[in-house]
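# Geometric and topological summary
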Amino acid sequence: MFRIYNMLFLRAAKMKQFHKYDFKLFRSFDDMYQRMKEKERTVGLCRLCGGYAWKWNKKTPEIPDIQIENTGIWWNQQTQGWLRNLDAKEEMGSIYTLAGLDLNYAAVVIGPELYYDSDSGLIEVDLSHFYDKNVKTKTSGEDIKRFILNTYAVLMTRGIMGTYVYACDENLRKYLQQYIPLA
């Protein structure tokens, strides 16, 4: 778990191999989504999860909340019992949905609210893609960044058998390749 935090907070020294743990970085969200669905069919309890980088579209429920590459995803429609709901397999859970829960496989989507600035060598926040109103109104600057990084660190530690990671920002994916093996 500390290795995840070190990676996100730019303190990691090198890639760590995890024996008997399926930890992979994907270049394509669609590929990660398909792999997660395969794992759901074979071992169960596999879900997509992400930070608050997309609005919840409650006014038009027939339109997916999240569009990444060729795939439309809805945010979780419920919090209680979400893992037991068979219809929820196609939904994305948030940090609040997964609080205290473990999955066999967590497919973590790092949204466009985080990006890697190649010039400064830092992971930065784009607040125009951050939609957690409670955090955004009560927190600022480095505290928001720390909250977002902690959110992703927690999501990346939800998988018991494995964790799949996709970062929307290409530069962030390149940075993460130093620490997470490519799928």
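In what follows, the accompanying structure is described.

The rules behind these values
- Residues numbered from 1 in each chain as written.
- Predicted model: local features only at pLDDT ≥ 70, side-chain atom pairs only at ≥ 80, totals over all residues.
- Heavy atoms only, no water.
- Helix = DSSP H or I, 4+ residues; strand = E, 2+ residues; numbered from the N terminus.
- Lys, Arg positive; Asp, Glu negative; His and termini not counted.
- Charge placed at Lys NZ, Arg CZ, Asp CG, Glu CD.
- Contact = heavy atoms within 4.5 Å.
- Expected span 1.5 Å × (residues − 1).
- Buried < 20%, exposed > 50% of the residue type's maximum accessible area, 1.4 Å probe, protein only.
- Arc of directions from axis to C-beta.
- Polar contact = N/O pair within 3.5 Å; in protein donor to acceptor, adjacent residues only side chain to side chain.
- Salt bridge = Lys/Arg side-chain N within 4 Å of Asp/Glu carboxyl O.
- Phe/Tyr/Trp six-rings, centres within 6.5 Å; stacked < 30°, edge-to-face > 60°.
- Lys NZ or Arg CZ within 6 Å of the ring centre and 35° of its normal.

To continue, consider the overall build of the chain. Across its full length, the chain holds five helices and nine strands. For the chain, the sequential pattern of α-helices and β-strands runs α-β-α-β-β-β-β-β-β-β-α-α-β-α. For the chain, the spread of C-alpha atoms along the three principal axes comes to 40 × 40 × 30 Å. If you average the places of the 25 positive and of the 22 negative side-chain charges in the chain, the two averages end up 6 Å apart.

We now examine the environment of His-129. Within the element layout of this structure, His-129 appears in the loop between β8 (122-125) and α3 (133-138). With 18 residues separating them along the chain, His-129 and Gly-111 place their C-alpha atoms 8.0 Å apart. Discounting chain neighbours no more than four positions away, the residues touching His-129 are Tyr-52, Ala-53, Pro-112 and Glu-113.

Let us look at helix α2 (residues 29-42). The end-to-end C-alpha distance of α2, which contains 14 residues, comes to 20 Å, matching closely the 20 Å that a straight helix rising 1.5 Å per residue would cover. Looking only at α2, the buried set comprises Phe-29, Asp-30, Met-32, Tyr-33, Met-36 and Glu-40. Looking down the long axis of α2, one finds its buried residues gathered within 160° of arc, a one-sided arrangement. α2 presents Arg-41 and Thr-42 as exposed residues on the side facing more than 90 degrees away from its buried surface. Of the surrounding elements, those touching the buried residues of α2 are β2 (46-50), β3 (66-68), β4 (71-75), β6 (103-110) and β9 (159-167). A side-chain oxygen of the first residue of α2 lies 3.3 Å from the backbone nitrogen of Asp-30; this N-cap is Ser-28. Looking one or two residues beyond α2, the residue adopting positive phi is Gly-44, at roughly 75°.

Right, let's get into the side chain of Arg-173. Relative to the helices and strands, Arg-173 is located in helix α5 (residues 170-176). Despite its burial, Arg-173 pairs with no opposite charge; the closest candidate is Glu-170, at 4.7 Å N-O. At 3.4 Å, the side chain of Arg-173 and the side chain of Tyr-166 are in polar contact. If we ignore the near neighbours within four places in the chain, the residues touching Arg-173 are Leu-25, Phe-26, Arg-27, Tyr-166, Ala-167 and Cys-168.

A word on the packing of aromatic side chains. For the coordinates displayed, the defined rule picks out 14 aromatic pairs. On the basis of an interplanar angle of 65° and a centroid distance of 5.9 Å, the ring pair of Phe-29 and Tyr-166 is categorised as edge-to-face. Taken together, the residues Phe-29 in helix α2 and Tyr-166 in strand β9 connect sequence positions 137 residues apart. For the pair Phe-29 and Tyr-166, a shared accessibility class is recorded, and that class is buried. Taken together, Tyr-52, Trp-54, Trp-56, Trp-75 and Tyr-96 form an aromatic cluster joined through their ring pairs. The ring of Tyr-164 is capped by Arg-35, whose NZ or CZ atom sits 5.9 Å from the centre of that ring. Directly above the ring of Trp-82 sits Arg-47, whose terminal nitrogen or CZ lies 5.8 Å from the centroid.

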